[in-house]
Amino acid sequence: MLFFSFFRTLVDRNVQVTVELKNDLCITGTLQSADQFLNLKLANVSVNDPDRYPHLLSVKNCFIRGSVVRYVHLPAHEVDTESLQDSCRREAKQVGPNR
Amino acid sequence: MEQPVFEGRPGKLPHWASNLEEHVDKKLLIILRDGRKLIGWLRTFDQFTNLLVEHIVERHIIFEEKVFADIYLGTMLIRGENVCLFGEVDPERQDGLTEAPLADVLAKEAQNEASDGKKGMDLFAEAES
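Thresholds applied
Residues numbered from 1 in each chain as written. Chains lettered and ligands numbered in written order. Predicted model: local features only at pLDDT ≥ 70, side-chain atom pairs only at ≥ 80, totals over all residues. Heavy atoms only, no water. UniProt positions renumbered as here; feature names shortened; annotations may be inferred. Helix = DSSP H or I, 4+ residues; strand = E, 2+ residues; numbered from the N terminus. Buried < 20%, exposed > 50% of the residue type's maximum accessible area, 1.4 Å probe, protein only. Contact = heavy atoms within 4.5 Å. Lys, Arg positive; Asp, Glu negative; His and termini not counted. Charge placed at Lys NZ, Arg CZ, Asp CG, Glu CD. Buried area = accessible area lost by both parts, 1.4 Å probe. Salt bridge = Lys/Arg side-chain N within 4 Å of Asp/Glu carboxyl O. Polar contact = N/O pair within 3.5 Å; in protein donor to acceptor, adjacent residues only side chain to side chain. Nonpolar A, V, L, I, M, F, W, Y, C, P; charged D, E, K, R; others polar. Pairing = 2+ DSSP bridges. Phe/Tyr/Trp six-rings, centres within 6.5 Å; stacked < 30°, edge-to-face > 60°. Axes fitted to C-alpha atoms, helices over the stretch in contact; angles between N-to-C directions.

An unreviewed UniProt entry annotates chain B as U6 snRNA-associated Sm-like protein LSm1 of Durusdinium trenchii. Quoted verbatim from the Sequence similarities (unreviewed entry) field of the UniProt record, the comment on chain B reads "Belongs to the snRNP Sm proteins family." Per its UniProt entry, chain B bears the Function (unreviewed entry) comment "Probably involved with other LSm subunits in the general process of degradation of mRNAs."

By the naming in an unreviewed UniProt entry, chain A goes by U6 snRNA-associated Sm-like protein LSm2 and is assigned to Durusdinium trenchii. Quoted verbatim from the Sequence similarities (unreviewed entry) field of UniProt, the annotation for chain A is "Belongs to the snRNP Sm proteins family." According to the UniProt record, the Function (unreviewed entry) comment for chain A reads "Binds specifically to the 3'-terminal U-tract of U6 snRNA."

Shown next as structure tokens:
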């Protein structure tokens, strides 16, 4: 649930991200919502790289299935690394050492 | 349409569910893993992103020539694992494409695929893990 919670904090802050899919397509937009499968919804999608953009010409918002995502490019200043590391350690403790 | 029923939290979607409800009865452009672009009206969904879509057309686009052609497919249940992404088609946003004869568009597409060396099949086949 760590990254689900992390994405929800990004949603609250209206962060702009670029989602790179496994088929090399890249979509930039504002993170609107995420769910436990890390499916993502982006608002106001735009194109950076025309070769890697799937011709979503008349589409403003889109839903991206979590299973097709390769990377979510984030602005570095939006990531509180220390806090993430703490959450990670806490989750690891809950799950236990012998998983 | 009737609201889907979820036990325990009346009126709220479960925490694991993305709200696809807001896309029901809307016209969607759906991109599949094999690169196909389907346009149709979303009627139902589930947590696997299985989608029941009506009045589907498969749209073939030649971006360089700004033309497209549609193949009417009717009503289909799309298995969720094949869905890449989808978005609501905004009627006010012009995409600048004009319709062209299907045979011409398919011929041009076949030409492009042959010269690009791109396969028209599952682009995720090796990436699955």
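The rest of the description comes next.
Q: Talk me through the overall build of chain A; I want residue IDs and the actual numbers.
A: If you tally the helices and strands in chain A, you get 2 helices and 5 strands. Going residue by residue from the N terminus, the α and β elements of chain A occur as α-β-β-β-β-β-α. Principal axes of the C-alpha set define a box for chain A whose edges measure 50 × 25 × 20 Å. Residues classed as buried in chain A amount to 43% of the 99 residues present. Expressed as a percentage of contacts within chain A between residues at least 6 apart in sequence, the contacts between residues at least 24 apart total 51%. Seen as two clouds, the 12 positive and the 11 negative side-chain charges of chain A have centres 7 Å apart.

Q: So what's going on with the interface of chain A and chain B? Which residues, and what values?
A: Each side of the interface is counted separately: chain A has 26 residues, and chain B has 32 residues. Between chain A and chain B, a total of about 2600 Å² is buried, with carbon and sulfur atoms accounting for 61% of that surface. Ranking the residues of chain A by area buried against chain B places Leu57(A), Phe63(A) and Arg65(A) at the top, with a combined share of 25%. Between chain A and chain B we count 2 salt bridges in total. Ionic pairing is found between Asp90(B) and Lys60(A), a salt bridge with its closest N-O pair at 3.2 Å. For the pair chain A and chain B, the number of links is 10 residue pairs in polar contact (both at pLDDT 80 or more). Contributing elements (two or more residues each) for the side of chain A that touches chain B: strand E2 (26-34), strand E3 (40-46) and strand E4 (59-64) of chain A. At 6 residues, the largest contribution of residues to the side of chain A that touches chain B is made by E4(A). Looking at the side of chain A that touches chain B, its residues break down into 14 nonpolar, 7 polar and 5 charged. The pairing of E4(A) with strand E5 (residues 83-89) of chain B spans 4 bridges and is antiparallel.

Q: Go over the packing of aromatic side chains, please, and point to the residues and values.
A: Residues and elements named next belong to chain A. Under the criterion given, the structure shown has 3 aromatic pairs over all chains. Between Phe6 and Phe7, the ring centres sit 6.0 Å apart and the planes meet at 35 degrees, which makes this aromatic pair tilted. Across the pair, Phe7 and Phe6 agree in class, each one buried. Among the aromatic residues, those joined into a cluster by ring pairs are Phe3, Phe6 and Phe7.

Q: So, the pairing of strand E2 (residues 37-45) of chain B: which residues are in play, and what are the values?
A: Residue and element names in this part refer to chain B. As defined by bridge partners, strand E1 (residues 27-32) adjoins E2 across 5 bridges and the pair is classed as antiparallel. Pairing of Ile31 across the sheet is with Lys37, part of E2. Counting the residues in the hairpin turn of E1 and E2 gives 4 residues, including Gly35, whose phi is positive at 95 degrees. Bridge count between E2 and strand E3 (residues 51-62): 6 bridges; the pairing is antiparallel. Each bridged residue has a counterpart across the sheet, and for Ile39 the counterpart in E3 is Val57. Remark: 5 residues form the turn of the hairpin made by E2 and E3, two consecutive strands paired antiparallel; Thr49 in that turn has positive phi of roughly 65 degrees.

Q: Could you give an account of the sheet that holds E5(B), with specific residues and numbers?
A: Overall, mixed pairing links the 11 strands, which are arranged E5(A)-E1(A)-E2(A)-E3(A)-E4(A)-E5(B)-E1(B)-E2(B)-E3(B)-E4(B)-E6(B) in an open sheet. Only two strands of the sheet have a single neighbouring strand rather than two, namely strand E5 (69-73) of chain A together with strand E6 (98-99) of chain B. In this sheet, E2(A) lies alongside strand E1 (residues 16-21) of chain A in antiparallel orientation, the contact comprising 5 bridges. Note on E2(A): the bridge partner recorded for Val17(A) is Gly29(A). Packed on one face of the sheet, helix H1 (residues 102-116) of chain B meets E3 and strand E4 (67-78) of chain B and runs near 70 degrees to E3(B).

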